[in-house]
Amino acid sequence: MNTRVFSSDAHTINHTDIAQAATIIRGGGLVAMPTETVYGLAGNALDVTAVQAIFRAKGRPSTDPLIVHIADMAQLALVTTASDLPMLRLLAEAFWPGPLTMLVPKQHTISDAVTAGKSTVAVRMPAHAVAQALIQHSGCPLVAPSANTFSRPSPTTAAHVLSDLDGRIDAVIDAGPTPIGIESTIIDITVTPPRILRHGGITVEQIMAVVGDVEIAHHELTPHTVAPAPGMLLKHYSPRTPLRLYRGAPTAIQQAISTYCAQHPEVHVVWMGYDDDVDVARQLGIEWRSLGARTDGDTVAHRLFDTLRALDAMQADVIVASQPDGTGIAAGVCDRLYRAAEGRIHDVP
Ligand code: TXA
Ligand code: MG
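Each chain has its residues counted from 1, running along the sequence as written. Just so you know, chain letters begin at A and ligand numbers begin at 1, following the order they were written in. Where totals are concerned, whole chains, interfaces and linings use all residues; where local detail is concerned, this predicted model gives features only for residues with pLDDT of at least 70, and gives and counts side-chain atom pairs only at 80 or more. For side-chain calculations, the full set of non-hydrogen atoms in the structure is used, while hydrogens and water are omitted.

Some points on the site of ligand 1
Piece 1. Ligand 1 sits among 24 residues. The nearest are Thr 37, Asp 64, His 69, Ser 184 and Arg 198.
Piece 2. By the criterion applied in these results, polar contacts are pairs of N or O atoms within 3.5 Å in which, for protein atoms, one can donate a hydrogen and the other can accept it, and in which residues neighboring in sequence qualify only through two side-chain atoms. One nitrogen or oxygen atom from the side chain of Ser 146 is found 2.9 Å from an oxygen atom belonging to ligand 1.
Piece 3. Measuring from an oxygen atom of ligand 1, one finds a side-chain N or O atom of Ser 184 at 2.5 Å.
Piece 4. For every accessible area listed, the method is Shrake-Rupley and the probe measures 1.4 Å; residues are considered covered only by the protein chains on display. When the free accessible area of ligand 1 is taken as 680 Å², the share hidden by the protein chains comes to 98%.
Piece 5. Only DSSP runs of H or I reaching four residues or more are called helices, and only runs of E reaching two or more are called strands; each is numbered from the N terminus. Where the shell around ligand 1 is concerned, the elements lending two or more residues are strand 4 (67-69) and strand 6 (120-124).
Piece 6. Looking at the shell around ligand 1, the element that brings in the most residues is strand 6, giving 3 residues.
Piece 7. Taken together, the residues of the shell around ligand 1 sort by class into 11 nonpolar, 7 polar and 6 charged. We define proximity as follows: a residue is near a molecule or strand when any one of its heavy atoms falls within 4 Å of that partner. Residues were grouped as follows: Ala, Val, Leu, Ile, Met, Phe, Trp, Tyr, Cys and Pro as nonpolar; Asp, Glu, Lys and Arg as charged; and all remaining residues, including Gly, as polar.

A closer look at helix 2 (residues 48-58)
Piece 1. Each residue's exposure class comes from its accessible area (1.4 Å probe, protein chains only) as a fraction of the maximum for that residue type: buried when under 20%, exposed when over 50%, partly exposed otherwise. Along helix 2, the residues classified as buried are Ala 50, Val 51, Ala 53, Ile 54, Phe 55, Ala 57 and Lys 58.
Piece 2. For helix 2, the elements touching its buried residues are strand 3 (40-44), helix 5 (112-115), strand 7 (142-143) and helix 7 (158-165).
Piece 3. Sitting at the head of helix 2, Asp 47 places a side-chain oxygen 3.0 Å from the backbone nitrogen of Thr 49.
Piece 4. Two residues or fewer past helix 2, Gly 59 is found with a positive phi of approximately 70 degrees. Two residues form a contact once any of their heavy atoms are found within 4.5 Å.

Here is the structure:
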């Protein structure tokens, strides 16, 4: 299949192109669309054949359910039996449109293929003008997992989407890099207190300011623990190059990376660091990319997947990296890096 590329400004919608993309969706096809978090691979949420095609295109196991994307509150009734749930209304009022996904009881119109047989469905209203326009033109809610091959880093540009899915999907709408850069926060509101299953674009602090107490699912997994949600796998977001992940004080990590390079001169090492690593990286003479200032979570999140893919393309033996500092969206970055390293962390004292 020849994957068509539509272009759109992120804010001023090209309605002719979006209408063509919506025609593809209504015909059961798949279109990768930009959202404020990452690019999603969209299909008609009410069309089982399209839903199944999404799993095939991504190579994703059918046990890992999809998020349903809506354009307005009127579409909520198509997705859930609980559109009047006070907690849903409260969180929607505060964070929609935006990067918050809520687990709610599913409506019978949503097939088991979407939810992997679960009685809950994940729903969110994206805050990207192109995604909103595509949902509106399509006239139906859209399922959209991140538009990457299963277990690869999520796509934040149309080029990332094409690198994984060119020839496997009908079209991609290129609206430039996605603003946030990591996925939505997922919260289960069918339990009390609500339970955060995935850190993401809306921070735990922001959610607690609105709803008070929340529970946070156990995110540090071992190969033997059961994931809190089907998609919360230990190996996820992974580059092909092994990622060696450090945690600790910045200077101690710089020292540990220097020692590692000195002890393994035969290993081709590249470094995904922060602005203040520049001098050490230059001394080591290794390829280096910065995610920004290590305390600037927004920039670090925005650059994360693009930088990971760029370093991966260098075909080195090892990518060294370290956890960022700070709270807020940094928690989401820490989670992505932890899984990209398949749960292995080198703690430096
Ligand atoms: O920001 C985002 O959320 C992006 C954009 C495209 O909207 N989408 C995204 O989708 O990240 P995906 O499929 O890559 O991740 C969705 C996660 C998966 O880990 C899946 O297991 C979980 O949501 N999920 C979906 N429905 C669920 C359900 N009913 N119960 C538990 N987990 C669910
Ligand atoms: Mg994903």
